[in-house]
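Summary of the model geometry
In case you want the letters, here they are:
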There are 2 protein chains.
Amino acid sequence: MKLTSKGRYAVMALVDLARFDSINPVSLRDISLRQGISLDYLEQIFSKLRKKEIVQSVRGTQGGYVLNKKAREIKLTNIFDAVDEKVKTVQCKKESKKGCTGKLTKCVAHNLWDELEKHINDFFNEKSLEDLVKNNNEKRI
Amino acid sequence: MKLTSKGRYAVMALVDLARFDSINPVSLRDISLRQGISLDYLEQIFSKLRKKEIVQSVRGTQGGYVLNKKAREIKLTNIFDAVDEKVKTVQCKKESKKGCTGKLTKCVAHNLWDELEKHINDFFNEKSLEDLVKNNNEKRI
DNA sequence: ATGATACTTGACTATTTTAGTCAGGTTTAT
DNA sequence: ATAAACCTGACTAAAATAGTCAAGTATCAT
């Protein structure tokens, strides 16, 4: 299973974006400064977010990024999916004759892992970017 | 967050053990053959499980391992903990001045990650080795 | 028009983690 | 005594992670 810095950065950056993009496009430079994330790394991340149509880019001076959907409609699943954070547990080896062949003799862990994966995905499907922004604002009062 | 092959192997091996240890100690060789896990790797894993008193070793010929507790009392949390599979999400960098300082200005992801961690740990705390063995036996009918 | 700002892309890399292997033990039942 | 099985620590190849670096292109403000 993967859930690393890249996913965390994507979430942080998008919450930042959601808080400021109603006025102007937000430049990665600003996000970089506010969130302490390397600009080059942000570019990699936003390239992926753009391809998945989570954000839109505005080129040129005063350019930057804006959300491409309403914050309420952007679920965490979408974000993690976009930056290749697969919420997947390690799969059983296909070559392994013993244990898990995927049919009757599914390995013990297999079912468990499936179950866990579902749990986590449910959690991420419930949470939208809007939830996080709200939560963040409350904490700042 | 970590949830890799080592954790999966530990679970598979212990389920195997739980099914057979009522008669004799189970040798790692047998587990290795049945589950298709390298013997050397199993030894590493069982060394850790023994230190955490999840299994007991029986040395010498006809030796092997037995559970040190009832299957019902061994929770998945204990297993993952023993083999160093930390159910922890990536932490925020302490050096980072921006973002997360851990006090008032906790970074957005921080709360979310905490919440997720709790979710997963709850899931693992509910499941015991006994649950898995039962589940496994049902599937085999 | 032109410079500055900011997006865009792709290649590159150091570090860490993972998933083992290997070698050389010690213990004990038979 | 000897073979089975545990025990320990060091080692390593491959993959993943978390970036950096370089060389662009587009557009706005003036």
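Below, the structure is looked at part by part. What you are looking at is a predicted structure, and each value in this text was computed from that prediction instead of being measured.

1. Considering the overall build of chain A
- Within chain A, the secondary structure is distributed over 6 helices and 2 strands.
- Out of the 141 residues in chain A, the part that is buried amounts to 45%.
- Within chain A, residue pairs in contact and separated by at least 24 positions form 67% of the contacts whose partners lie at least 6 positions apart.
- Of the roughly 7900 Å² of accessible surface on chain A, a fraction of 47% belongs to carbon and sulfur atoms.

2. Quick look at the protein's contact with DNA strand C
- Taken together, 28 residues lie near DNA strand C, and Ser57 and Tyr65 of chain A together with Tyr9, Ser38 and Gln44 of chain B sit nearest.
- When atoms of DNA strand C within 4 Å of the protein are split into backbone and base, the sugar-phosphate part holds 64%.
- One of the side-chain nitrogen or oxygen atoms of arginine 50 of chain A is found 3.0 Å away from a phosphate oxygen of DNA strand C.
- The contact in question runs from a sugar or linking oxygen of DNA strand C to an N or O atom on the backbone of glycine 60 of chain A, over 3.5 Å.
- Counting residues per element, the ones that place at least two in the surface near DNA strand C are helix 3 (39-51), strand 1 (55-58) and strand 2 (64-67) of chain A together with helix 1 (5-20) and helix 3 (39-51) of chain B.
- Split into classes, the residues belonging to the surface near DNA strand C amount to 6 nonpolar, 14 polar and 8 charged.

3. With respect to the nonpolar core
- Judged by nonpolar contacts, the single largest core of 80 residues is most densely connected at Phe46 of chain A together with Phe46 of chain B.
- Beyond its immediate sequence surroundings of up to four residues, phenylalanine 46 of chain B is in contact with Ala13, Leu17, Leu28, Ile31, Val55 and Tyr65 of chain B.

4. Observations regarding the pattern of salt bridges
- With the rule as written, the count across this model stands at 10 salt bridges over all chains.
- Here glutamate 115 of chain A ties to lysine 127 of chain B by a salt bridge, and the two come within 2.9 Å at their closest N and O atoms. With glutamate 115 of chain A in helix 5 (residues 108-126) and lysine 127 of chain B in the loop between helix 5 (108-126) and helix 6 (129-140), this pair bridges two chains.

5. Points about the packing of aromatic side chains
- Overall, the coordinates contain 10 aromatic pairs over all chains when judged by the stated rule.
- What links up through ring pairs into an aromatic cluster is the set Phe80, Phe123 and Phe124 of chain A together with Trp113 of chain B.
- Here arginine 34 of chain A stacks its cationic end above the ring of phenylalanine 20 of chain A, 4.0 Å away from the centre of that ring.

6. Concerning the protein's contact with DNA strand D
- The full set close to DNA strand D counts 28 residues, and Tyr9, Ser38 and Arg59 of chain A together with Ser57 and Tyr65 of chain B are the nearest of them.
- The sugar-phosphate backbone supplies 62% of the atoms of DNA strand D found within 4 Å of the protein.
- Here a base oxygen of DNA strand D sits 2.8 Å away from a polar atom, N or O, in the side chain of glutamine 44 of chain A.
- Within the contact set of DNA strand D, a phosphate oxygen lies 3.2 Å away from a backbone nitrogen or oxygen of leucine 28 of chain B.

7. Some details on the pairing of strand 2 of chain A
Residue and element names in this part refer to chain A.
- Alternating positions in strand 2 separate into two faces, Gly64 and Val66 on one and Tyr65 and Leu67 on the other, with burial throughout.
- Bridge count between strand 1 and strand 2: 4 bridges; the pairing is antiparallel. Residue valine 58 lies in a different strand from strand 2, and its bridge partner there is glycine 64.
- In this antiparallel pair of consecutive strands, strand 1 and strand 2, the connection spans 5 residues, and glycine 60 shows a positive phi of 85°.

8. Notes on the packing of helix 5 of chain A against helix 1 of chain B
- Remark: helix 5 of chain A packs on helix 1 of chain B, axes separated minimally by 9 Å, with the N-to-C direction vectors making an angle of 130°. Classed by the angle they form, the pair helix 5 of chain A and helix 1 of chain B counts as oblique. Seen from above, helix 5 of chain A lies across helix 1 of chain B with right-handed handedness. In this structure, helix 5 of chain A contributes Val108, Ala109, Leu112 and Trp113 of chain A to the contact, and helix 1 of chain B contributes Gly7, Arg8, Val11, Met12 and Val15 of chain B.
- Of the residues belonging to the contact of helix 5 of chain A with helix 1 of chain B, the class tally is 7 nonpolar, 1 polar and 1 charged.

9. Regarding the side chain of serine 128 of chain B
Residue and element names in this part refer to chain B.
- Along the chain, serine 128 turns up in the loop between helix 5 and helix 6.
- According to the relative accessible area criterion, serine 128 is buried, its value standing at 2%.
- Apart from the residues within four sequence positions on either side, serine 128 is in contact with Ala71, Arg72, Ile74 and Lys75.

Parameters and conventions
Throughout this document, residue positions are counted from 1 along each chain, in the order its sequence is written. All chains are assigned letters beginning with A, and all ligands numbers beginning with 1, in the order in which they are written. In view of the model being predicted, local features appear only for residues whose pLDDT reaches at least 70, and side-chain atom pairs are presented and counted only at 80 or more, with totals across whole chains, interfaces and linings using the full set of residues. Excluding hydrogens and water, the side-chain figures rest on all heavy atoms present in the structure. Under the DSSP-based scheme used, a helix requires at least four consecutive residues in state H or I and a strand at least two consecutive residues in state E, with every element numbered from the N terminus. Exposure categories follow from relative accessible area, calculated using a 1.4 Å probe and restricted to protein chains: below 20% of the type maximum is buried, above 50% is exposed, and the middle band is partly exposed. Pairs of residues are marked as contacts when any of their non-hydrogen atoms sit within 4.5 Å. With residues, only the protein chains shown are counted as cover, and all accessible areas are computed by Shrake-Rupley using a 1.4 Å probe. Throughout this document, a residue counts as near a molecule or strand when at least one of its heavy atoms sits within 4 Å of that molecule or strand. Pairing of N or O atoms within 3.5 Å defines a polar contact, subject to two protein rules: one partner must be a possible hydrogen donor and the other a possible acceptor, and residues neighboring in sequence count only if both atoms are side-chain atoms. Gly is put with the polar residues, along with every residue not named as nonpolar or charged; the nonpolar set is Ala, Val, Leu, Ile, Met, Phe, Trp, Tyr, Cys and Pro, and the charged set is Asp, Glu, Lys and Arg. We call a set of buried residues a nonpolar core when its members are Ala, Val, Leu, Ile, Met, Phe, Trp, Tyr or Cys and they connect through side-chain atoms within 4.5 Å of each other. We define a salt bridge as a contact between a side-chain nitrogen of Lys or Arg and a carboxyl oxygen of Asp or Glu at a distance within 4 Å. Stacked, edge-to-face and tilted labels apply to pairs of Phe, Tyr and Trp rings (six-membered ring for Trp) whose centres lie within 6.5 Å, assigned for plane angles under 30 degrees, over 60, and everything in between, in that order. Counting as a charge over the ring demands two things of the Lys NZ or Arg CZ atom: a distance within 6 Å of the ring centre and an angle within 35 degrees of the ring normal. When DSSP finds at least two bridges between two strands, those strands are taken to pair. For helices, the fitted axis covers only the stretch in contact; all axes are lines through C-alpha atoms, and the angles between them, taken along N-to-C directions, range from 0 to 180 degrees. Roughly parallel means an angle under 35 degrees; roughly antiparallel means over 145; roughly perpendicular covers 65 to 115; every other angle is labelled oblique. By definition, turning the near helix anticlockwise from the far helix through less than a right angle yields a left-handed crossing, and turning it clockwise yields a right-handed one.

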